[in-house]
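Geometric and topological summary
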Protein chains: 2
Amino acid sequence: MKLSVKSDYAARAVLGLARHYPTGAALRVEDLASGQGVPANYLVQILIELKAQGIAKSVRGKEGGYLLARAPAEISLGDVLRAVHGEVFDTPALSDPNCAPELRGAWQRLKDAMDKAAAGITFQQLLDEGADKEKMYYI
Amino acid sequence: MKLSVKSDYAARAVLGLARHYPTGAALRVEDLASGQGVPANYLVQILIELKAQGIAKSVRGKEGGYLLARAPAEISLGDVLRAVHGEVFDTPALSDPNCAPELRGAWQRLKDAMDKAAAGITFQQLLDEGADKEKMYYI
DNA sequence: ATCGCTTTTGACCGAGAGCTTCACGAGCGA
DNA sequence: TCGCTCGTGAAGCTCTCGGTCAAAAGCGAT
């Protein structure tokens, strides 16, 4: 099971916005893209999806750009994954009625594990981990 | 994150072989395919991969077919997923060096959760669940 | 009002993967 | 030798993914 580059880009974008969140200012797409190593034109589409899901919001015109719609503590990795794909975990078997019920149960268990793990990772945690790592250099 | 139909087919195939495991006889591809609602010509390719990973084995000639190489209790859903794709969970971010380390940690946690969940589901369990369900009708 | 900045939207395209089918070769038993 | 089965490779088809581009639209400043 391979995760798409899109999910990765989306996570990077949200992390970038989260780092910038305390300033309260909007971040331009171009700056966000170059800071995270993501093609700007592609990032635009991802940001639009993030906005549609209420994760980010945008400001137009000069001094415009993107910022998070909620605090980083309120955004989980699962939210981001659901924003760019429909579901965190999906398989044709779950919607196939002539799939054996015991198998469907197995896929469901896998899905639940995935959902739970993704919901348990918030971007505030990631910010803290990054800060901890940086603190190492000062010791 | 979408799971391919191939993984589903592989799981069905192994479940079908597991049900037939106690007899010790080989199961023809055609029979296995029609029993599980899988295109036979495609199933062949999947079975070859399962065989290459030591999950199934084959017998040629008349009375030939496929059977499990180990007991159903020794085969986890993770084994099957790893047989048809390379990994249970993979993302370009994990091998991208200029991805933020805190993000890589997050993906790794997701991967671990997935691996653990997939390793914890054996086909013996699925057989038992199926048997339990069948017993319901006799009450 | 107009201009420059930004997001927004939609269309487009090439490459590759996934799914499926087919045809033919190879091993085994009668 | 014949019939049965697996084994293997190749082909086609569709669809998604990753990425680009251009034009529209909102906002602020001059």
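One can find the structure itself at the top, above this paragraph.
Residues numbered from 1 in each chain as written. Chains lettered and ligands numbered in written order. Predicted model: local features only at pLDDT ≥ 70, side-chain atom pairs only at ≥ 80, totals over all residues. Heavy atoms only, no water.

Considerations on the packing of helix α2 (residues 29-36) of chain A against helix α3 (residues 40-52) of chain A
Any two packed helices are characterised by how steeply their axes cross, that is the angle between the axes, and by the distance between the axes. All names here are of chain A. Which entries qualify depends on this criterion: Only the stretch in contact is used when fitting a helix axis, every axis being a line fitted to C-alpha atoms; angles between N-to-C directions are given from 0 to 180 degrees. For helices the rule is a DSSP run of H or I covering at least 4 residues; for strands it is a run of E covering at least 2, with both sets numbered from the N terminus onward. Oblique is the label for any angle not under 35 degrees, not over 145, and not in the 65 to 115 range, which are roughly parallel, roughly antiparallel and roughly perpendicular in turn. By convention the crossing between two helices is left-handed if the near helix lies anticlockwise of the far one by an angle smaller than a right angle, and right-handed if it lies clockwise. In this description, contact between two residues means that some pair of their heavy atoms is separated by no more than 4.5 Å.
For the pair α2 and α3, interaxial distance at closest approach is 9 Å and the crossing angle is 110°. Classified by the angle between their axes, α2 and α3 sit roughly perpendicular to one another. Crossing of α2 over α3 shows right-handed handedness. Contacts from Val 29, Glu 30, Leu 32 and Ala 33 in α2 reach Ala 40, Leu 43, Val 44 and Leu 47 in α3.

Things to note about the environment of Leu103(A)
Mapped onto the fold, Leu103(A) is located in helix α6 (residues 101-119). With 77 residues separating them in the primary sequence, Leu103(A) and Ala26(A) have C-alpha atoms 47 Å apart. Leave out the neighbours within four places in its chain, and Leu103(A) touches Ala11(B), Arg12(B), Leu15(B) and Leu126(B).

Re the relation of the copies chain A and chain B
Put simply, the rule is: Least-squares fitting of one copy onto the other uses the C-alpha atoms of those residues that reach a pLDDT of at least 70 in both copies.
Mapping chain A onto chain B calls for a rotation angle of 180° and an axial translation of 0.0 Å; the resulting RMSD is 0.1 Å. Accordingly, the operation relating the two chain copies is best matched by a two-fold axis.

Overview of the protein's contact with DNA strand C
This is how the line gets drawn: Nearness is judged by heavy atoms alone; a residue qualifies as near a molecule or strand once a single heavy atom is within 4 Å of it. Pairing of N or O atoms within 3.5 Å defines a polar contact, subject to two protein rules: one partner must be a possible hydrogen donor and the other a possible acceptor, and residues neighboring in sequence count only if both atoms are side-chain atoms.
By nearness alone, 23 residues border DNA strand C, and Arg28(A), Lys51(A), Ser58(A), Tyr66(A) and Arg60(B) come closest of all. Each atom of DNA strand C within 4 Å of the protein was classed as base or backbone; sugar and phosphate made up 71%. Here a phosphate oxygen of DNA strand C and a side-chain polar atom of Ser58(A) are 2.2 Å apart. One nitrogen or oxygen atom from the side chain of Arg60(A) is found 3.2 Å from a sugar or linking oxygen belonging to DNA strand C. Those elements that place two or more of their residues in the surface near DNA strand C are α3, β1 (56-59) and β2 (65-68) of chain A together with α1 (5-20) and α3 (40-52) of chain B.

Looking at the interface of chain A and chain B
Put simply, the rule reads: A quick way to say it: buried area is the sum, across both parts, of accessible area lost when two parts are put together, with a 1.4 Å probe. A carboxyl oxygen of Asp or Glu within 4 Å of a side-chain nitrogen of Lys or Arg is what we treat as a salt bridge.
Listed by partner, the interface residues are 42 residues for chain A and 42 residues for chain B. Interface area for chain A against chain B, summed over the two sides, is near 3,700 Å², with a carbon-plus-sulfur share of 66%. Among the residues chain A hides against chain B, the three largest losses belong to Met1(A), Leu3(A) and Glu102(A). Together they make up 21% of the total. Connecting chain A to chain B are six salt bridges.

Structural notes on the packing of aromatic side chains
Two aromatic rings, taken as a pair, are described by how far apart their centres are and by the angle between their planes. Residue and element names in this part refer to chain A. Note the following rule: Only rings of Phe, Tyr and Trp enter the pairing, Trp through its six-membered ring, and a pair is recorded when the two centres are within 6.5 Å. The plane angle decides the type: under 30 degrees is stacked, over 60 is edge-to-face, the rest tilted. Type-normalised accessible area, obtained with a 1.4 Å probe on protein chains alone, sets the label of each residue: buried when under 20%, exposed when over 50%, and partly exposed for intermediate values.
Counting across every chain of the model gives two aromatic pairs over all chains. Ring centres of Tyr 9 and Tyr 42 lie 5.9 Å apart, and the angle between their planes is 80°; this geometry places the pair in the edge-to-face category. Here the residue Tyr 9 occupies a position in helix α1 (residues 5-20), and Tyr 42 occupies one in helix α3, the gap between them amounting to 33 residues. We classify Tyr 42 as partly exposed; its relative accessible area is 30%.

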